Amino acid sequence: MNLPFFYISSYDPSSEIITLDEDASKHVAQVLRMKPGEQLNLTDGKGNLLEAELIDNNKKKTLVKIKGIKYKEQTARRVSVAISLLKNANRFEWFLEKATEIGVNEITPLLCERTERQQFRYERLKSIMISAMLQSRQVWLPELKEPEKFADYIKTSGETGQLKLIAHCTEAEKKKLNDFHFSAFSKCRILIGPEGDFTGEEISLALQHNYIPVTLGETRLRTETAGIVAAVMMCSSDKG
């Protein structure tokens, strides 16, 4: 049986005792009704898995003692998804949750010409991603960027050694995403457009900056669905 798993934003490696925040403390004391001496796991979302023992189940300031720390390296390939914000905030939140479970490393909300921008509630979105990380029992939290204008993002994503892709629905020559051997690249980046797709000018700008146009399949997908399909393909086991 898996031990209870909680997130801590930071910790002092030199300290054996950690105080959990009020939400985690309440969950430990009132929901799980854990008693001193019981075991639990913690992560900071930066690769560290802390094995801990409950020593005080105060519902506001639970204290745990660190018994051991394990570090898990990230995969050699870094997967980034830059995706338009959506009019329906729930659909964007769903994407963040599933992308976290799949193992995406970095997510950048894009502001495109056709983006119907909604309020960007960073702390709420990060909380959703933390819950997804814990649910899938991972120790790496994806990096969530602040929203960025499409043109600005394109012009600053010029790192060498990476695969840069743009998924769009325009009738043009495109490669199939599942034809790529992602293991050959240290970083894989894909652009996913808004409802109504990228404009012709946006696609042209991406191509000028060495983005490769791709198709995700035969059917036209919603933005959040396209993001998940791309994430699955790019984060899945390397092809032979």
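Residues numbered from 1 in each chain as written. Predicted model: local features only at pLDDT ≥ 70, side-chain atom pairs only at ≥ 80, totals over all residues. Heavy atoms only, no water.

Student: Hey, could you run me through helix α5 (residues 200–208) in this one?
Tutor: Structurally, the α-helix is built with 3.6 residues per turn, so residues lying three or four positions apart point the same way. Taken as a whole, α5 has its buried residues at Glu202, Ile203, Leu205 and Ala206. Along the axis of α5, the buried residues cluster in a sector spanning 160°; they form a single face. Exposed side of α5, more than 90 degrees from the buried face: Glu201 and Gln208 are the residues found there. Directly after α5, the chain includes asparagine 210, whose backbone phi takes a positive value near 70°. (Buried < 20%, exposed > 50% of the residue type's maximum accessible area, 1.4 Å probe, protein only. Helix = DSSP H or I, 4+ residues; strand = E, 2+ residues; numbered from the N terminus. Arc of directions from axis to C-beta.)

Student: Help me understand the sheet that holds strand β4 (residues 48–56), please; the structure alone is not making it clear to me.
Tutor: Pairing between the strands of a sheet comes from backbone hydrogen bonds, and it takes one of two forms, parallel or antiparallel. In space, the five strands of this open sheet follow the order β1-β3-β4-β5-β2, with mixed pairing throughout. In this open sheet, the two edge strands, each paired with only one partner strand, are β1 (5–7) and β2 (17–19). Across this sheet, the average inter-strand angle for adjacent strands is 40°, counted without regard to direction. In this sheet, strand β3 (residues 39–43) lies alongside β1 in parallel orientation, the contact comprising three bridges. The residue of β3 that forms the bridge with phenylalanine 5 is asparagine 41. Strands β1 and β3 of the sheet are contacted by helix α3 (residues 122–135), whose axis makes an angle of about 150° with β1. (Pairing = 2+ DSSP bridges. Axes fitted to C-alpha atoms, helices over the stretch in contact; angles between N-to-C directions. Contact = heavy atoms within 4.5 Å.)

Student: Sorry, what's going on with the nonpolar core here?
Tutor: Proteins that are soluble and globular tend to have nonpolar side chains buried together. The biggest cluster of nonpolar side chains holds 40 residues, and the ones touching the most others in it are Ile107, Leu177, Ile190 and Ile192. Of all elements in the fold, only β1, β6 (78–84), α2 (89–102), β7 (106–111), α3, β10 (162–167), β12 (187–192) and α6 (223–235) reach the threshold of two or more residues within this core. Of all the elements, α3 adds the most residues to this core, at six residues. Ignoring anything within four residues of it in the chain, the contact list for isoleucine 107 reads Val81, Ile83, Phe95, Leu96, Ala99, Met129, Glu143, Leu144 and Lys145. (Core = buried A, V, L, I, M, F, W, Y, C linked by side-chain atoms within 4.5 Å.)

Student: Just to check I follow, could you spell out the pairing of strand β13 (residues 212–215) for this structure?
Tutor: Both faces of the sheet carry side chains from a regular strand, because those side chains alternate between them. Taken together, the three bridges between β10 and β13 define a ladder with parallel strand orientation. Residue pairing for β13: isoleucine 166 is matched across the bridge by proline 213. Alignment of strand β11 (residues 175–176) against β13, held across two bridges, turns out to be parallel. Of the residues in β13, the one forming a bridge with lysine 175 is valine 214.

Student: Help me out: how do you make sense of the pattern of salt bridges in this one?
Tutor: When the charged atoms of two side chains lie near each other, side chains of opposite charge can form a pair. Summed over the entire model, instances satisfying the criterion amount to twelve salt bridges. The salt bridge involving lysine 70 is made with glutamate 51; its shortest N-O contact spans 3.2 Å. Highlighted residues: lysine 70 in strand β5 (residues 63–71) and glutamate 51 in strand β4, separated in sequence by 19 residues. When its relative accessible area of 49% is taken as the criterion, lysine 70 is described as partly exposed. Assessed through its relative accessible area of 28%, glutamate 51 is described here as partly exposed. Glutamate 106 serves as the salt-bridge partner of arginine 189, at 4.0 Å between the closest nitrogen and oxygen. A residue pair is termed long-range when its members are at least 10 positions apart, and arginine 189 in strand β12 and glutamate 106 in strand β7 qualify at 83 residues. Judged by its relative accessible area of 7%, glutamate 106 falls in the buried class. (Salt bridge = Lys/Arg side-chain N within 4 Å of Asp/Glu carboxyl O.)

Everything listed here is a matter of geometry and, on its own, says nothing about what the molecule does.
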